[in-house]
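# Per-entry structural report
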Amino acid sequence: MKTYLALAIAGLSLAAQAQSPQQPPSYQFAARAGIEEVLKSYERSLNASDVAGVVQLYTDDAVLLAPEAPSAVGIEAVRNAYTGIFQAIALNITFEIAEVKLLSPEWAFLRSNSKGVVKILANGAQVPGGSQELFVLHKSQGRWKIARYSFSSVLQPAK
């Protein structure tokens, strides 16, 4: 029984050491502001069909997980994916933050929802669009960047 108790205490001690220390509120506020700015910049770049503007928001080892497409792994694959996207559609969307969670001083995730209009460039049709998104962000050299990004469409309610 003593051995089991000693192992349990040792395990709890290791688990406590593995958890990152709580950051002061001022750090959390600054981190959230930086993360929100990444999302605002992403929105502006998407709406401008600006490949370079979008790509500069990603880490070099980024992964883009778009529906019905293979994973785009690495910055060049991400660049190629957005080039293709902007050749097919034009976006006029806005993002709303649903959740920001700081995981450590260097890692965070952002969950959001977007809605707006998608213009199909091949035929000029404009359709309502909406998505739910999950961003994993990494802070490097003082800047938050998108390390992983996944989204899925959300059906708009019938009118």
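Everything numeric in this text was worked out from a predicted model, so none of it was measured. (Residues numbered from 1 in each chain as written. Predicted model: local features only at pLDDT ≥ 70, side-chain atom pairs only at ≥ 80, totals over all residues. Heavy atoms only, no water.)

In the sheet, strand 1 (residues 58-65) pairs with strand 6 (residues 143-153) via four bridges, with the strands oriented parallel. By the bridge assignment for strand 6, V63 is matched with R148. Of the pairings in the sheet, the one linking strand 5 (residues 126-140) to strand 6 comprises 10 bridges and is antiparallel in character. Bridge assignment links V136 to a residue of strand 6, and that residue is R148. Between strand 5 and strand 6, which follow one another and run antiparallel, lie two residues, and Q141 among them has a positive phi close to 50°. (Pairing = 2+ DSSP bridges. Helix = DSSP H or I, 4+ residues; strand = E, 2+ residues; numbered from the N terminus.)

In this structure, E68 is a non-glycine residue whose phi angle is positive, near 55°. Looking at where E68 falls in the secondary structure, it is placed in the loop between strand 1 and strand 2 (72-73). Under the relative-accessibility criterion, E68 is labelled exposed at 87%. The phi angle at Q141 is positive, at roughly 50°, despite the residue not being glycine. (Buried < 20%, exposed > 50% of the residue type's maximum accessible area, 1.4 Å probe, protein only.)

This brings us to the confidence of the model for the chain. As a general rule, the predicted coordinates of low-pLDDT regions are not to be interpreted in detail. Residue-level pLDDT values for the chain average 87, and 82% of them are 70 or greater. Confidence drops under a pLDDT of 50 for residues 1-20, and excluding neighbours within four residues, the segment shows two contacts in the predicted structure. (pLDDT = per-residue confidence, 0-100. Contact = heavy atoms within 4.5 Å.)

Counting 30 residues, the largest nonpolar core has Y42, L46, Y58, Y82, F135, I146 and Y149 as its most contacted members. Mapped onto this core, the elements with two or more residues apiece are helix 2 (25-47), helix 3 (51-55), strand 1, helix 4 (75-88), strand 3 (89-102), strand 4 (107-120), strand 5 and strand 6. Per-element tally for this core: the top contributor is helix 2, with six residues. When near neighbours in sequence (up to four residues on either side) are disregarded, F135 contacts L39, Y42, F95, A108, F109, L110, S112, I146, R148 and Y149. (Core = buried A, V, L, I, M, F, W, Y, C linked by side-chain atoms within 4.5 Å.)

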